[in-house]
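# Architecture and fold: a report
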Amino acid sequence: MRGFLIFLTTLVLGAAMALAAVYFFVTRPAPTRIAATTVPVSSAAAGNFDTKINQIIAAPPNTDVTVELTDEELTSKFAQTVREERVAIGADIQNPQVSVHDGRVFAGGKAKSDSFPVRVDLVVVAVPTAVNGKLMLRVERVESGRFPLPSNITDQIVASVQNDALINDNLPIYVDRVEVLDGKLRLTGRPK
């Protein structure tokens, strides 16, 4: 009889823990939608991104030039970078997307890190600013929906997005002003 009570208690506790885990994952919010509709990716839009940045590069010294980068251009350039820099990024990102609205940049996709074996819907929400000619991205949050990422992976994502030296060393312009409009990122900069 005692063995049966231990078995029954273990069974009830196991069922309660399983129900608690199911409740946790079912009630956890899905990640923020990056864009209301999927932003298309094209090599033409990635080329437009490069052309607009080249407008700033080609300007006379100390001349401010303003360009507007659309969600499609940002997404296409992000997709191109993800494809070309897969090893450096340390993750495979399918359906990369970028959307700008509400004063923030939303970037993400279905990501599978080299150090995390599960593919998750990942969204990084960052606020861009310009400080002393440098583009700064400050991460507000990293969302992974119903499956929370380990804190060490979240910390790695935040550190790489907020790596001001990496961003600005590879950026061929000084950024004097950045504005987030709905569907566009307006950059004012000058050549380095």
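Keep in mind it's a predicted model, so treat the numbers as computed, not measured. (Residues numbered from 1 in each chain as written. Predicted model: local features only at pLDDT ≥ 70, side-chain atom pairs only at ≥ 80, totals over all residues. Heavy atoms only, no water.)

## Observations regarding the pattern of salt bridges
A full pass over the atoms with the stated rule returns 13 salt bridges. Between Arg 104 and Glu 140 there is a salt bridge, with its nearest N and O atoms 2.7 Å apart. Of this pair, Arg 104 sits in strand 3 (residues 104-113) while Glu 140 sits in strand 5 (residues 134-143); the two residues are 36 residues apart in sequence, bridging distant segments of the chain. Between Arg 177 and Glu 179 there is a salt bridge; the shortest N-O distance is 3.9 Å. On the basis of relative accessible area, Arg 177 is assigned to the partly exposed category, the value being 44%. The partly exposed category is assigned to Glu 179, whose relative accessible area is 27%. Residues participating in the shared-partner salt-bridge network are Glu 68, Arg 177, Glu 179, Lys 184 and Arg 186. (Salt bridge = Lys/Arg side-chain N within 4 Å of Asp/Glu carboxyl O. Helix = DSSP H or I, 4+ residues; strand = E, 2+ residues; numbered from the N terminus. Buried < 20%, exposed > 50% of the residue type's maximum accessible area, 1.4 Å probe, protein only.)

## Some thoughts on the layout of surface pockets
When its volume is computed, the largest pocket comes out at roughly 1700 Å³. In this structure, the largest pocket is lined by 48 residues; those nearest its centre are Phe 78, Thr 81, Leu 137, Val 161 and Ile 167. For the lining of the largest pocket, the residue count by class is 34 nonpolar, 10 polar and four charged. (1 Å grid on protein atoms, 1.4 Å probe; cavity = no way out; pocket = protein on both sides within 12 Å on 5 of 7 lines; lining within 4 Å. Points joined across faces, edges and corners; volume = space filled by probe spheres on them. Nonpolar A, V, L, I, M, F, W, Y, C, P; charged D, E, K, R; others polar.)

## Some details on the nonpolar core
With 21 residues, the main nonpolar core has Leu 74, Val 100, Leu 135, Ile 173, Val 175, Leu 185 and Leu 187 as its most contacted residues. Sorting the residues of this core by element identifies helix 2 (43-57), strand 1 (65-70), strand 2 (91-101), strand 3, strand 6 (173-181) and strand 7 (184-191) as the ones contributing at least two each. Of the residues forming this core, the biggest block, four residues, is contributed by strand 6. Those residues in contact with Leu 187 that lie beyond four places of it in its chain are Ile 53, Val 65, Thr 66, Val 67, Leu 69, Val 175, Arg 177 and Val 178. Counting 11 residues, the second largest nonpolar core, distinct from the first, contains Ile 93, Val 120, Val 139 and Leu 149. (Core = buried A, V, L, I, M, F, W, Y, C linked by side-chain atoms within 4.5 Å. Contact = heavy atoms within 4.5 Å.)

## Concerning the sheet that holds strand 5
Strand pairing within a sheet occurs via backbone hydrogen bonds; the two strands may be parallel or antiparallel. The four strands lie next to each other as 2-3-4-5, forming an open sheet whose pairing is antiparallel. Each end of this open sheet is capped by a strand with a single partner; those strands are strand 2 and strand 5. On average, each strand axis in the sheet is inclined to that of its neighbour by 25°, with strand direction left out of account. Examined bridge by bridge, strand 2 and strand 3 share nine bridges and lie antiparallel to one another. Residue pairing for strand 3: Val 98 is matched across the bridge by Ala 107. In the packing of helix 3 (residues 71-84) onto the sheet, the strands contacted are strand 2 and strand 3, and the crossing angle to strand 2 comes to about 160°. Strands in contact with helix 5 (residues 151-161) are strand 4 (120-131) and strand 5; relative to strand 5, the strand with the most contacts, it is inclined by about 160°. (Pairing = 2+ DSSP bridges. Axes fitted to C-alpha atoms, helices over the stretch in contact; angles between N-to-C directions.)

## Considering the packing of aromatic side chains
For the structure shown, the criterion picks out zero aromatic pairs. Sitting above the plane of the Tyr 174 ring, Lys 192 keeps its charged end 5.9 Å from the centroid. (Phe/Tyr/Trp six-rings, centres within 6.5 Å; stacked < 30°, edge-to-face > 60°. Lys NZ or Arg CZ within 6 Å of the ring centre and 35° of its normal.)

## Description of the packing of helix 2 against helix 3
Between helix 2 and helix 3, whose axes approach to 7 Å, the crossing angle comes to 100°. By the angle between their directions, the pair helix 2 and helix 3 is classed as roughly perpendicular. Packed against helix 2, whose contacting residues are Ala 45, Ala 46, Asn 48, Phe 49, Asp 50 and Lys 52, the element helix 3 presents Glu 72, Glu 73, Leu 74, Ser 76, Lys 77 and Gln 80 at the interface. Classifying every residue of the contact of helix 2 with helix 3 by side-chain character gives four nonpolar, three polar and five charged. (Parallel < 35°, antiparallel > 145°, perpendicular 65-115°, else oblique.)

No statement about biological role is implied by the geometric values presented.
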